[in-house]
Amino acid sequence: PDIFRIKEIIMKRKACFFLILVLCLMPALLLKSYALDAAPDFSLNDLNNGSVSLSQFKGKGPVILFFWTTWCPFCRDQLDLLKDKYSRLKQDGIEVMVIDVGERKAKVESFVKGRNFPFSVLLDQSTGVAKNYKVYGVPTYIFIDKSGNIILKENKFPDYKTVFGIQSSSKDGQ
């Protein structure tokens with residue numbers, strides 16, 4: 001009788017492990033499923049009250065949307081990474097749109113002050129843009145091709161040269 005109880009426990013543990021594995025992989029599967037959807041247009045204000053829309057860049061080159069918040073430690077790391085890569089991205093003809101999600105302008109201004117970001121920070125205070133792009137957590141990158149199609153959605157910065165098909169002899173796209 002004890003051997004049957006042990007087998008039952010092992011089977012339950014295997015089932016739990018499988019369920020946890022599926023739940024852990026689900027976000028990755030969902031992120032990849034939006035490839036080649038048309039990117040919804042939007043217009044947001046930056047910290048200087050200037051209006052910026054995605055349609056301004058359609059047909060000009062690829063665009064990276066980066067959704068973040070001030071309270072997210074992973075977002076801070078990715079902002080520093082974007083800051084370091086920004087000049088190279090611009091040289092490669094890639095526009096970067098950094099979008100804070102759901103926070104007050106004053107809070108974002110305080111966070112940004114003194115960080116010398118080379119990019120504009122846009123405010124999605126109503127979270128409408130994030131919802132349209134099905135952003136379920138931060139940080140989230142959305143890569144949009146020159147034609148305005150979503151080609152990748154990730155939580156960390158990938159090798160952008162591979163994503164956009166940019167030829168390079170070095171590994172500076174990572």
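Higher on the page you've got the structure.
About the criteria used
- Residues numbered from 1 in each chain as written.
- Predicted model: local features only at pLDDT ≥ 70, side-chain atom pairs only at ≥ 80, totals over all residues.
- Heavy atoms only, no water.
- Pairing = 2+ DSSP bridges.
- Helix = DSSP H or I, 4+ residues; strand = E, 2+ residues; numbered from the N terminus.
- Contact = heavy atoms within 4.5 Å.
- Axes fitted to C-alpha atoms, helices over the stretch in contact; angles between N-to-C directions.
- Salt bridge = Lys/Arg side-chain N within 4 Å of Asp/Glu carboxyl O.
- Buried < 20%, exposed > 50% of the residue type's maximum accessible area, 1.4 Å probe, protein only.

Peer 1: Explanation requested: the sheet that holds strand 8 (residues 149-154) in the structure shown.
Peer 2: Each strand in a sheet pairs with its neighbour through backbone hydrogen bonds, running either in the same direction (parallel) or in the opposite one (antiparallel). In spatial order, the strands read 1-8-7-4-5-6-2-3; together these 8 strands make up an open sheet with mixed pairing. Each edge of the open sheet is held by one strand with a lone partner, namely strand 1 (37-38) and strand 3 (51-53). Where strand 7 (residues 140-144) and strand 8 come together, 4 bridges link them in antiparallel fashion. Note that in strand 8 the partner of Ile142 across the bridge is Lys153. Helix 2 (residues 73-91) contacts strand 4 (63-68), strand 5 (95-101) and strand 7 of the sheet and is inclined by roughly 160 degrees relative to strand 4. Sheet strands in contact with helix 3 (residues 105-112) are strand 4, strand 5 and strand 6 (121-124), and its direction is about 155 degrees off that of strand 6.

Peer 1: What's the story with the pattern of salt bridges in this structure? I'm lost.
Peer 2: For side chains of opposite charge, pairing can occur when their charged atoms come near one another. Under the definition given, this model contains 4 salt bridges. Across the salt bridge formed by Asp92 and Arg88, the nearest N and O atoms sit 3.5 Å from each other. Arg88 gets classed as partly exposed once you look at its relative accessible area, which sits at 29%. Where Lys161 meets Asp92, a salt bridge forms, and the shortest distance between an N and an O atom there is 3.5 Å. Of this pair, Lys161 sits in helix 5 (residues 160-164) while Asp92 is found in the loop between helix 2 and strand 5, placing the two residues 69 residues apart along the sequence. In this structure Lys161 comes out as buried when scored by relative accessible area, which is 5%. Here the salt bridges share partners, and the residues they tie into one network are Arg88, Asp92 and Lys161.

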